[in-house]
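An overview of the molecular structure
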Amino acid sequence: MADASKQADKAAKKQVRAAKKAQRKQTRSQMWQVFNMQRKQDKALIPLILLSVIGIPLLLFLIGLIWGGQWWMLPIGIALGIVLAMFIFTRRVERDVYKRAEGQQGAAGWAVENLRSGVGMTWRTKTAVAVTTHMDAVHRVIGLSGVVLVGEGSPHRLKPLMAQQRKRLNRVAPGVPVYEIITGEGEGQVPIAKLQRELVKLPRNYRKNDVASLAARIEAMDSTGAGAGAALPKGPMPKGAKMSGMNRRARRQAERKGEA
């Protein structure tokens, strides 16, 4: 029995190692594909990466020589160069993705779902908490600032929709700060590429540990159906896609909600 148990454990560990190896291989393959796609449309990518992986180590190596043969600065420079190259690569890919998504239906919801949680930052998000029959949408972000309502669509249709969401939030979480952001390129609007930057600028009214309990109170509202909107497509909708079928579906959902 003991031998059989050991063999089973070994087999399970072997499967786990094989799965991890396959996952790493897939990740490397995906990264290589993304890199090849990016370098074809971003002519500055390769020079910037070479400047990072060669220039930074060389600079630190020369500084080490000037300081009296501090050779240990070379490996530090190599490590810093690789980190900087990866940072440049990911940020330029992200920039181009946002550029292509800007102005497409569902782009703000996609941006909300892909908010980066960094040091001291945490987000609890829900897309399309309210939607009009014209597919204007309000998304919700819960974080250290409180609650942020992120709207995409026509401002004159979004404002009453956001006001309605604010009232509902005040009922379930009175006193919680509620901020409003409308995405877009117009005056007073925020491009989706700068959405996270605007969210980070907001006052920090809560600690990181408070966000989960705050989100639980607010998400209870969703389970009752209050504040729930029609579903939007996941991610930005390709330009030129037909909206008529989606509009009809949204209208039917709104009518059923009104009858209930």
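Definitions and cut-offs
Residues numbered from 1 in each chain as written. Predicted model: local features only at pLDDT ≥ 70, side-chain atom pairs only at ≥ 80, totals over all residues. Heavy atoms only, no water. 1 Å grid on protein atoms, 1.4 Å probe; cavity = no way out; pocket = protein on both sides within 12 Å on 5 of 7 lines; lining within 4 Å. Points joined across faces, edges and corners; volume = space filled by probe spheres on them. Nonpolar A, V, L, I, M, F, W, Y, C, P; charged D, E, K, R; others polar. Phe/Tyr/Trp six-rings, centres within 6.5 Å; stacked < 30°, edge-to-face > 60°. Helix = DSSP H or I, 4+ residues; strand = E, 2+ residues; numbered from the N terminus. Buried < 20%, exposed > 50% of the residue type's maximum accessible area, 1.4 Å probe, protein only. Patch = residues over 30% accessible without salt bridge, like charges linked within 9 Å, V, L, I, M, F, W, Y side chains within 5 Å. Areas by Shrake-Rupley, 256 points an atom, 1.4 Å probe, with all protein chains shown as cover. Salt bridge = Lys/Arg side-chain N within 4 Å of Asp/Glu carboxyl O. Lys, Arg positive; Asp, Glu negative; His and termini not counted. Charge placed at Lys NZ, Arg CZ, Asp CG, Glu CD.

So, about empty space enclosed by the protein. Taken as a whole and assessed by the stated rule, the structure comprises 1 cavity of 30 Å³ or more. Put simply, the largest cavity is a space of about 40 Å³. For the largest cavity, the full set of lining residues is Met 121, Trp 123, Leu 144, Ser 145, Leu 199, Val 200, Leu 202, Pro 203 and Arg 204. Looking at side-chain class alone, the lining of the largest cavity contains 7 nonpolar, 1 polar and 1 charged residues.

The next subject is the packing of aromatic side chains. Tallied over the entire structure, the rule returns 2 aromatic pairs. With 5.6 Å between their ring centres and 25° between their planes, Trp 32 and Phe 35 make a pair best called stacked. With a gap of 3 residues between them, Trp 32 and Phe 35 both fall in helix 1 (residues 2-41), about one helical turn apart. What makes Phe 35 buried here is its relative accessible area of 18%. Grouped by ring-pair contacts, the aromatic residues Trp 32, Phe 35 and Phe 89 constitute a single cluster.

Judged by side-chain polarity, Met 31, Ile 46, Leu 50, Val 53, Ile 54, Leu 74, Ile 78, Ile 82 and Met 86 come together as a nonpolar surface patch covering roughly 720 Å² of accessible area. With respect to the helices and strands, Ile 82 occurs in helix 3 (residues 73-101). Residue Ile 82 is classed as partly exposed on the basis of its relative accessible area, which comes to 47%.

A few words on a positive patch on the surface. On the surface, a cluster of positive charge is contributed by Lys 20, Lys 21, Arg 24, Lys 25 and Arg 28. Structurally, Arg 28 is set in helix 1. The exposed category is assigned to Arg 28, whose relative accessible area is 53%.

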